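# Fold and contact review
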Amino acid sequence: MADYKNILVEKKDAAIVLTINREKAMNALNRETVAEIQGFISSHWSDDSFGVLIITGAGKAFVAGADISEMKDMDIEGGMDMSARGNYLFKSIQNFPKPVIAAVNGFALGGGCELAMACDIRIASEKAKFGQPEVNLGLIPGYGGTQRLSRLVGRGKAMQLILTGDMIKADEAYRIGFVDEICAPEELMDKALAMAQTITSKSPLAVRMAKDCVNRGLDMPLSNALDFEKVNFGAICGSYDKTEGCTAFLEKRKAEFKGK
Ligand code: DAK
């Protein structure tokens, strides 16, 4: 693995765990950290040696947002540049060919909340806290928060969180459907790894196509999205994995998928 300064990358069973590791700044996303995560994503785009990517944070934060010290004196040009790099990264995470699980260990604020939303599934420690506090800084969410939050929890709750800047605890985030599971802090990584293991035992091809259909479909009118699913369903019927999966079921044995 490449040498990084602000992230740790470890292979754990079928998953890669990417830990954002800037504890002194609550894992705030500075320029360098964004570039390192992007470097990891780009260089592992076609790596089939793992099935799921898990993103978490070191210490008591998942990510406490964009790095405020970098933003203080940022001019328009700097803001545009930050926007371009950040949005490219968050889209890369959303479109990453493998599922991405956010294992949210602590504060997920601003860009950190948006990072969790760019992931496919969110598991949170009972200690996690979420919020879009940008209005406190005279900003608006800039890494997709105004769009992904309303799609995830509905317009009213998204408005409430974005316009008040209030933080919510993990149980409330679970109640409103922002996070998909909550657990004790010490169980967080085991839970994420167990979910990664379950996903990795399925056909990698089917998993990739299903992720793509859900994500792309959400950006389309329903009738187009259903057509998109139809085309993809047809395509996957030509795969080795589909024949193997159906045959294994009928022969009452475990399928051996090959991802093709
Ligand atoms: N950036 C930089 N440093 C941060 C930070 C951040 N977001 N969050 C915390 N730190 C630093 C603190 O300054 C402190 O540093 P030292 O004083 O020790 O040097 C250290 O981390 C520990 O923080 P605290 O002492 O504050 O720790 P507490 O436990 O008391 O509080 C906290 C933890 C997470 C509740 C608190 O630190 C906090 O409220 N942090 C700020 C949270 C926040 O407002 N986040 C939103 C940032 S705005 C854009 C795209 C995206 C964005 C903007 C533009 N474009 C496309 C252009 C995103 C914006 C944001 O995310």
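What comes next is a walk through the structure.

Quick notes on the rules
Residues numbered from 1 in each chain as written. Predicted model: local features only at pLDDT ≥ 70, side-chain atom pairs only at ≥ 80, totals over all residues. Heavy atoms only, no water. Phe/Tyr/Trp six-rings, centres within 6.5 Å; stacked < 30°, edge-to-face > 60°. Helix = DSSP H or I, 4+ residues; strand = E, 2+ residues; numbered from the N terminus. Buried < 20%, exposed > 50% of the residue type's maximum accessible area, 1.4 Å probe, protein only. Pairing = 2+ DSSP bridges. Axes fitted to C-alpha atoms, helices over the stretch in contact; angles between N-to-C directions. Parallel < 35°, antiparallel > 145°, perpendicular 65-115°, else oblique. Left-handed = near helix turned anticlockwise from the far one by under 90°. Contact = heavy atoms within 4.5 Å. Nonpolar A, V, L, I, M, F, W, Y, C, P; charged D, E, K, R; others polar. Near = heavy atom within 4 Å. Polar contact = N/O pair within 3.5 Å; in protein donor to acceptor, adjacent residues only side chain to side chain. Areas by Shrake-Rupley, 256 points an atom, 1.4 Å probe, with all protein chains shown as cover.

### Details of the packing of aromatic side chains
Summed over all chains, the structure comprises 4 aromatic pairs. Here the aromatic rings of Trp45 and Phe96 are separated by 5.5 Å at their centres, their planes lie at 75°, and the arrangement is edge-to-face. One end of the pair, Trp45, is in the loop between helix H1 (31-43) and strand S3 (52-57); the other, Phe96, is in the loop between helix H3 (76-95) and strand S5 (100-104), with 51 residues separating them in the sequence. Trp45 gets classed as partly exposed once you look at its relative accessible area, which sits at 34%. The buried category is assigned to Phe96, whose relative accessible area is 1%. Both rings, one in Phe90 and one in Tyr143, keep their centres 4.7 Å apart while their planes meet at 35°; by these two values the pair is tilted. With Phe90 in helix H3 and Tyr143 in the loop between strand S8 (129-131) and helix H5 (145-153), this pair connects stretches of sequence that are 53 residues apart. Each of the two residues, Phe90 as well as Tyr143, counts as buried. Every member of this aromatic cluster is reached through a ring pair, and the members are Trp45, Phe50 and Phe96.

### Some words on the pairing of strand S1 (residues 7-12)
Successive residues of a regular strand alternate their side chains across the two faces of the sheet. Bridge count for S1 against strand S2 (residues 15-20) is 6 bridges, and the pairing is antiparallel. The residue bridging Ile7 from the neighbouring strand is Ile20, located in S2.

### Thoughts on the packing of H5 against helix H6 (residues 155-164)
When two helices pack together, their arrangement is given by the angle between the helix axes and by the axis-to-axis distance. In contact at an axis separation of 7 Å, H5 and H6 are set at 135° when each is read in the N-to-C sense. Accordingly, the angle class assigned to the pair H5 and H6 is oblique. Our pair here, H5 against H6, has a crossing hand that is right-handed. Contact residues: H5 offers Gly145, Thr146, Leu149, Ser150 and Val153, while H6 offers Arg155, Lys157, Ala158, Leu161 and Ile162. Across the contact of H5 with H6, the residue classes break down as 5 nonpolar, 3 polar and 2 charged.

### A look at the site of the ligand
Taken together, 24 residues lie around the ligand, and Lys60, Ala64, Ala66, Ile68 and Gly111 are the ones closest in. Here a nitrogen atom of the ligand and a backbone polar atom of Ala64 are 2.8 Å apart. One of the backbone nitrogen or oxygen atoms of Gly111 is found 2.8 Å away from an oxygen atom of the ligand. When the ligand sits alone it has 1100 Å² of accessible area, and the protein chains cover 64% of it. If you list the elements that add at least two residues to the shell around the ligand, you get helix H2 (68-71), H3 and strand S6 (107-109).

### A short note on the sheet that holds S1
Strand order in the open sheet formed by 6 strands is S1-S2-S3-S5-S7-S10, and the pairing between neighbours is mixed. The open sheet terminates on both sides in strands that have one partner only, identified here as S1 and strand S10 (181-183). Neighbouring strand axes in the sheet, compared pairwise and without regard to direction, differ in orientation by 20° on average.

### Some remarks on the sheet that holds S6
Two modes of strand pairing occur in sheets, parallel and antiparallel, and in both the strands are linked by backbone hydrogen bonds. In spatial order, the strands read S4-S6-S8-S9; together these 4 strands make up an open sheet with mixed pairing. The open sheet has two free edges, formed respectively by strand S4 (61-63) and strand S9 (167-169), since each of these has just one partner strand. Averaged over all pairs of adjacent strands, the angle between strand axes in this sheet comes to 20°, irrespective of strand direction. When S6 meets S8, the two strands line up parallel, connected through 3 bridges. Pairing of Leu109 across the sheet is with Gly131, part of S8.

### Some points on the environment of Ile37
Locating Ile37 in the fold gives a position in helix H1. With 210 residues separating them along the chain, Ile37 and Thr247 place their C-alpha atoms 40 Å apart.

All quantities given are derived from atomic positions and should not be read as evidence of function.
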